[in-house]
Amino acid sequence: HTFVDTDSAEHPLRTPKEPQNKVTVVLGAQWGDEGKGKVVDLLAMDADIVCRCQGGNNAGHTVVVDSVEYDFHLLPSGVLNKKAISFIGNGVVIHLPGLFEEAEKNLRKGKGLQGWEERLKISDRAHIVFNFHQAVDGIQEQQRQQQEGKNLGTTKKGIGPAYSSKAARNGLRVCDLVSDFKVFEEKFRMLAEHFRTMYPNLNVDIDSELKQLKEYTERLRPLVTDGVYFMHKALTGPSKKILVEGANAALLDIDFGTYPFVTSSNCTVGGVCTGLGVPPSYVGRVYGVVKAYTTRVGVGAFPTEQDNETGNLLQSRGREFGVTTGRRRRCGWLDLILVRYAHMVNGFSAIALTKLDILDTLPEIKVAVAYKINGQPLPSFPGRTFPQGFSRSIFLFFFFLFVRDA
Ligand code: IMO
Ligand code: MG
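Remember, predicted model here, so these are calculated numbers, not experimental data.

Caption draft 1: Quick peek at the pairing of strand 16 (residues 364-373). Direction of pairing for strand 14 (residues 334-335) relative to strand 16: parallel, over a ladder of two bridges. Paired with Asp 335 across the strands is Ala 368, a residue of strand 16. Here strand 16 runs beside strand 17 (residues 376-377); their pairing, made up of two bridges, is antiparallel. Note on strand 17: the bridge partner recorded for Ile 373 is Gln 376. Counted along the chain from strand 16 to the antiparallel partner strand 17, the turn is two residues long, and its residue Asn 374 has a positive phi close to 45 degrees.

Given below as structure tokens:
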């Protein structure tokens, strides 16, 4: 056997004992829409590289610059910083028309996005979301509704079906698209056929999608890079500030969220390593973004939900409409059990508390401090939850905060 000593000073892949450039991470600590975009925008001002590591255009991050409201779904919000490079990692699933349309829409809004193609890099290993993935997302939701009487309330952006293709190992990646279109076309048709067999009523125009993909390929090619090598150079080279913008949130995580009412990726800190190719020792600060109350879009457990006047007030004062789907968000009190659970998984270095001012007009604010189920206190957020049953059968201990004139 020959062992290569990567620790020797001359070796090009030498891992420094103390990583030079640690990665700062911003993650959602509830069910999404905590205000990650705003926190990222603040930190991105002096970042050199801003990355997305998971999810797709199911995310929706709003950033206001010079009174122009930009909204991002696939692009890292850091793309507004003209001095930074934005990077879409291998863990992200990319709908190409979605990506280019998002850029063009934001370009029309203001000057912020000018020159975006020069500062965006995309990992060659990222998987592609096709139109048929999005159509299948819709069909699956319909089937759930018919068979179980309820759906998940997905964003219908094809996220679940695209990650399913990735796990089934017949997905297609950015590197497949930009290297040999003939081979790509063959695999693409096979994948489409596979979904057509599973969903006979799937109605998509494969030929026109292929034509469109071919057009996008030319624009995409200059943006594509070997993602692992790109990150390695960024981590081990001259001092660089690297920021990761989490999408979705801890309670939507495929492993740690309220399964099955979750998204299809790891939105907790582990997703940073697997979605970018970053060794764990390079992860530095992890900021959890927490909204001063709780919101949720779509179906699933929500113990502190206020399906009443209070909920309506939070919804209207907080302008709680989804950036991606325009849906009204469900609203309720801050749930500290849930935030602590997110902290157990992510090990937050600090928390960014957003939208406190929305609570300004309330004389009394509640926060959940304990759960009891059938008279028994729960030590932590449980693994098994139900869309309504969990919220109903759980007894919540609230802490009251009385707010005086401040
Ligand atoms: P940001 O990054 C709020 C929710 C959807 C649905 C479930 C699964 O803006 O905080 P999917 O389309 O991912 O298969 O849907 O997850 N969801 C989000 N809700 N904010 C998000 O992201 C979300 N991403 C996914 O509403 O219930
Ligand atoms: Mg959102």
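After that view, the rundown keeps rolling.
Caption draft 2: Summary view of the packing of aromatic side chains. All told, the structure shown has 14 aromatic pairs when counted by the stated rule. Each ring, one from Tyr 70 and one from Phe 72, has its centre 6.4 Å from the other, and the planes form 10 degrees; the classification is stacked. The exposure class of Tyr 70 is buried, given its relative accessible area of 3%. Residue classification places Phe 72 among the buried positions, given a relative accessible area of 1%. Here Phe 132 and Phe 188 contribute two aromatic rings whose centre-to-centre distance is 5.5 Å and whose plane-to-plane angle is 50 degrees, an arrangement assigned as tilted. Of the two residues, Phe 132 sits in helix 3 (residues 131-148) while Phe 188 sits in helix 6 (residues 181-198), which places them 56 residues apart along the sequence. Given a relative accessible area of 0%, Phe 132 falls into the buried group. Using a relative accessible area of 0% as the deciding quantity, one classes Phe 188 as buried. An aromatic cluster is present here, built from Phe 130, Phe 132, Phe 181, Phe 184, Phe 188 and Phe 195 joined pairwise through their rings.

Caption draft 3: Molecular detail of helix 1 (residues 36-44). Buried residues of helix 1: Lys 36, Gly 37, Val 39, Val 40, Asp 41 and Ala 44, and no others. In this fold, the buried residues of helix 1 make contact with strand 1 (23-28), strand 2 (49-52), strand 3 (61-65), strand 10 (242-245), strand 11 (283-291) and strand 15 (350-354).

Caption draft 4: Broad picture of the sheet that holds strand 2. Read from one edge of the open sheet, eight strands run 9-7-5-2-10-1-11-15, paired in parallel fashion. Among the strands making up the open sheet, the edge pair consists of strand 9 (224-225) and strand 15. As defined by bridge partners, strand 1 adjoins strand 10 across four bridges and the pair is classed as parallel. If you follow Val 25 over to strand 10, its bridge partner there is Val 244. Contacting strand 1, strand 2, strand 5 (85-88), strand 7 (120-123), strand 9 and strand 10, helix 8 (residues 227-236) crosses the sheet at an angle of about 140 degrees to strand 5.

Caption draft 5: Just the UniProt feature "binding site: Mg(2+)" (unreviewed entry) in the protein, in detail. On the UniProt side, "binding site: Mg(2+)" (unreviewed entry) is annotated at positions that read Asp 33 and Gly 60 here. Spanning 28 residues, the named residues form one tight spatial group whose C-alpha atoms are at most 7.6 Å apart. Its location among the elements puts Asp 33 in the loop between strand 1 and helix 1. Overall, Asp 33 belongs to the partly exposed group, its relative accessible area being 24%. Once residues within four sequence positions are removed from consideration, Asp 33 is found in contact with Gly 60, Lys 291, Thr 295, Val 297 and Arg 329. Tracing the backbone through its elements, the reader meets Gly 60 in the loop between strand 2 and strand 3. Gly 60 has contacts with Asp 33, Phe 72, His 73, Val 323 and Thr 324, leaving out every residue within four places of it along the chain.

Caption draft 6: Representation of the packing of helix 3 against helix 4 (residues 159-168). Interaxial distance between helix 3 and helix 4 falls to 7 Å at its minimum, and their mutual angle equals 115 degrees. Classified by the angle their axes make, helix 3 and helix 4 are roughly perpendicular. Of the two possible hands of crossing, helix 3 and helix 4 adopt the one that is right-handed. Every residue of helix 4 that contacts helix 3 at His 133, Val 136, Asp 137 and Gln 140 is listed here: Ile 159, Pro 161, Ala 162 and Ser 165. Its residues assigned to classes, the contact of helix 3 with helix 4 comprises four nonpolar, three polar and one charged.

Caption draft 7: Just the pattern of salt bridges, in detail. Tallying each qualifying case throughout the model produces 18 salt bridges. Note that Asp 226 is salt-bridged to Arg 125, the shortest N-O span being 2.8 Å. In this pair, Asp 226 sits in the loop between strand 9 and helix 8 while Arg 125 sits in the loop between strand 7 and strand 8 (127-128), placing the two residues 101 residues apart along the sequence. Using a relative accessible area of 33% as the deciding quantity, one classes Asp 226 as partly exposed. Relative accessible area serves as the criterion here: at 30%, Arg 125 is assigned to the partly exposed category. One salt bridge connects Glu 320 with Lys 291, and the closest N-O pair in it is separated by 3.1 Å. Of this pair, Glu 320 sits in the loop between helix 10 (309-317) and strand 13 (330-332) while Lys 291 sits in strand 11; the two residues are 29 residues apart in sequence, bridging distant segments of the chain. Residues joined by salt bridges that share partners form a network here, namely Asp 33, Lys 291, Glu 320, Arg 329 and Lys 355.

Rules behind the numbers
- Residues numbered from 1 in each chain as written.
- Chains lettered and ligands numbered in written order.
- Predicted model: local features only at pLDDT ≥ 70, side-chain atom pairs only at ≥ 80, totals over all residues.
- Heavy atoms only, no water.
- Pairing = 2+ DSSP bridges.
- Helix = DSSP H or I, 4+ residues; strand = E, 2+ residues; numbered from the N terminus.
- Phe/Tyr/Trp six-rings, centres within 6.5 Å; stacked < 30°, edge-to-face > 60°.
- Buried < 20%, exposed > 50% of the residue type's maximum accessible area, 1.4 Å probe, protein only.
- Contact = heavy atoms within 4.5 Å.
- Axes fitted to C-alpha atoms, helices over the stretch in contact; angles between N-to-C directions.
- UniProt positions renumbered as here; feature names shortened; annotations may be inferred.
- Parallel < 35°, antiparallel > 145°, perpendicular 65-115°, else oblique.
- Left-handed = near helix turned anticlockwise from the far one by under 90°.
- Nonpolar A, V, L, I, M, F, W, Y, C, P; charged D, E, K, R; others polar.
- Salt bridge = Lys/Arg side-chain N within 4 Å of Asp/Glu carboxyl O.

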